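# Descriptive analysis of the structure
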There are 2 protein chains.
Amino acid sequence: LPTLIEIDSDGHRAGVKPGDMQLLEIGKILGTNLRGVMTHAGGSYECKSHEEIRAYARRERDAAVRCAAQLRAAGLPCPVVSVGSTPTATFAENLDGVTEVRVGVYMFFDLFMAGLGVCTLEDIALSVLCTVIGHQPEKGWIITDAGWMALSRDRGTASQKVDQGYGVVCDTAGKPVDDLIVASANQEHGIIARRDGGALDMARYPVGMSLRVLPNHACATAAQHAAYHVIGDSARIEAVWPRFSGW
Amino acid sequence: LPTLIEIDSDGHRAGVKPGDMQLLEIGKILGTNLRGVMTHAGGSYECKSHEEIRAYARRERDAAVRCAAQLRAAGLPCPVVSVGSTPTATFAENLDGVTEVRVGVYMFFDLFMAGLGVCTLEDIALSVLCTVIGHQPEKGWIITDAGWMALSRDRGTASQKVDQGYGVVCDTAGKPVDDLIVASANQEHGIIARRDGGALDMARYPVGMSLRVLPNHACATAAQHAAYHVIGDSARIEAVWPRFSGW
């Protein structure tokens, strides 16, 4: 099996620490199966500023490039130098020596990335289309057919400055409306309310109306579905992209 | 379409409140399409004692049976009287007049139900089989190939007395080991640690070892997978039950 050695560039999860002599030991054991190095700066998800993300990007690139150089200096093959993470991919200023950037959320963006300042709400290219199925006017609730089974249980923005609940509610064109969020979710029911808990004119959201929900985490939300329905400027479905699931 | 009228037996989500004259109005509009009433005592998930769950079960049954009687007294058909919720189904003392109990988690049970006193850990019939893929000895971490994409993002026990993290770790026979829990999870990586954060003998958990994780919420975890692998007392897979997904 052609193999990449994982590098722990930020102490976030797993891999060989840069400078650790295990790198060469593993490289020698792999021999001709060695394909290169990979890292993922998952720590960048907790950054508070663009400058901090840029620092993570430097650290990520430097760790991968430095380990590749060590392997090559020992006469080992290292054609692949792979980095990851959506924040660092977006803000990296120098990717010299990197041959691959593995990013996931980057394709769609999501509310977590918007909260991190990596994108704006308008950049988010994935949403869940749902239908109003009821109201609880005295509670200020609009009830939909999209609960956490449709949106995922991911509440990533709960740890950010602005908690977006289970998602930001938009009209079918993708424009946020009335400062509505999915305030709570049961398995198959979403509960939409105003962010401030204030009163809502239920007549504007009749039963049967379609709404879109921008997700906290595009990966988690997309994994709840069998396919993407691709739309352009019109609401017409232009393609259906099946997902592969599992991992 | 044959239709059930949803009854809001506990103010938890949606439906017609018992005693509300809307019930008969809706029944009359449905006419021969009326098939009965249904309710789900979702509020029972927040109970603190068996007695409280029994009270929810009485309330759930009474609401459904009373609404059915009102419909019948008005000359409307009401063959189905349907109640739900795993806690109330387990502790109900009287289901007179109920024709259907819709329960989901009840089939498998899970850590949330164990935390609620509805079952024991030994009753939980669903787990995620995973493999040890690495260690971070200085952090006390065992790293596995089952992150939240395999376990789900459901952290239901976080609101209970005992927070089980992303799940309780068992040997392949399903017996909890060393008070280990999945303390944290990335998308494709699980991080196992002792509940008390204490040191771990990593040699007992070598790379390649199989472990089972009992889930917080059986519904959420099962939905992350395409099929159930059914095993009996031996570890042999006796059947593969495909899931239908979507809702």
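Just above sits the structure.
Keep in mind that this is a model prediction, so the values were computed, not measured.

Attention shifts here to the overall build of chain A. Within chain A one finds 6 helices and 12 strands. Projected onto its principal axes, the C-alpha coordinates of chain A cover approximately 70 × 35 × 30 Å. Expressed as a percentage of its 247 residues, the buried residues of chain A come to 47%. A total accessible area of about 11700 Å² is found for chain A, and carbon and sulfur atoms account for 54% of it.

Turning our attention to the packing of aromatic side chains. Scanning all chains against the criterion turns up 6 aromatic pairs over all chains. Taking 5.3 Å as the distance between ring centres and 35° as the angle between the ring planes, the aromatic pair formed by F108 of chain A and Y228 of chain A counts as tilted. Placement of F108 of chain A in the loop between β4 (100–102) and α4 (111–115) and of Y228 of chain A in strand β11 (residues 227–231) is noted, with a sequence separation of 120 residues between them. Per residue, the accessibility class of F108 of chain A equals that of Y228 of chain A, and both read buried. Ring plane angle 55° and centroid distance 5.8 Å describe the contact between Y106 of chain B and F109 of chain B, whose orientation is recorded as tilted. Directly above the aromatic system of Y166 of chain B lies the positively charged group of R155 of chain B, at a separation of 5.5 Å from the ring centroid.

Now for helix α1 (residues 22–30) of chain B. Residues and elements named next belong to chain B. Within the span of α1, buried status applies to L23, L24, G27 and L30. For α1, the angular spread of the buried residues around the axis is 125°, confining them to a single face. Turned more than 90 degrees away from the buried face of α1, the exposed residues are K28 and I29. Taken from the residues just after α1, G31 is the one with a positive phi, measuring 55°.

Another point: the sheet that holds strand β9 (residues 190–194) of chain A. Backbone hydrogen bonds hold the strands of a sheet together, and the pairing may be parallel or antiparallel. All names here are of chain A. Ordered in space as β5-β6-β9-β8-β7-β10, the 6 strands form a closed barrel in which the pairing is antiparallel. Going from strand to strand, the sheet's axes swing by 45° on average, the running direction of each strand aside. Pairing analysis gives 2 bridges linking strand β7 (residues 168–170) to strand β8 (residues 176–185), with the strands arranged antiparallel. Across the sheet, V168 pairs through a bridge with I181, a residue of β8.

Core analysis: the largest hydrophobic core is formed by 42 residues, its most contacted members being I142 and L180 of chain A together with M113 of chain B. At the level of secondary structure, the elements contributing two or more residues to this core comprise β5 (128–136), α5 (148–151), β8 and β10 (210–214) of chain A together with α2 (50–73), α4 (111–115), β7 (168–170) and α6 (218–222) of chain B. In this structure, F112 of chain A together with A146, Y166 and L211 of chain B belong to the second largest nonpolar core, which totals 41 residues.

All names here are of chain B. Read around the barrel, 6 strands follow the order β5-β6-β9-β8-β7-β10 and close on themselves; strand pairing throughout is antiparallel. The sheet shows a mean angle of 45° between the axes of neighbouring strands, direction not considered. One ladder, built from 3 bridges, connects β7 with strand β10 (residues 210–214); its direction is antiparallel. Within β10, the residue paired with C170 across the bridge is R212.

Turning to helix α1 (residues 22–30) of chain A, its buried residues number three or more, namely L23, L24 and G27 of chain A. Packed against the buried residues of α1 of chain A are β1 (3–6), β2 (34–38) and α2 (50–73) of chain A.

Parameters at a glance
- Residues numbered from 1 in each chain as written.
- Chains lettered and ligands numbered in written order.
- Predicted model: local features only at pLDDT ≥ 70, side-chain atom pairs only at ≥ 80, totals over all residues.
- Heavy atoms only, no water.
- Helix = DSSP H or I, 4+ residues; strand = E, 2+ residues; numbered from the N terminus.
- Buried < 20%, exposed > 50% of the residue type's maximum accessible area, 1.4 Å probe, protein only.
- Areas by Shrake-Rupley, 256 points an atom, 1.4 Å probe, with all protein chains shown as cover.
- Phe/Tyr/Trp six-rings, centres within 6.5 Å; stacked < 30°, edge-to-face > 60°.
- Lys NZ or Arg CZ within 6 Å of the ring centre and 35° of its normal.
- Arc of directions from axis to C-beta.
- Pairing = 2+ DSSP bridges.
- Axes fitted to C-alpha atoms, helices over the stretch in contact; angles between N-to-C directions.
- Core = buried A, V, L, I, M, F, W, Y, C linked by side-chain atoms within 4.5 Å.
- Contact = heavy atoms within 4.5 Å.

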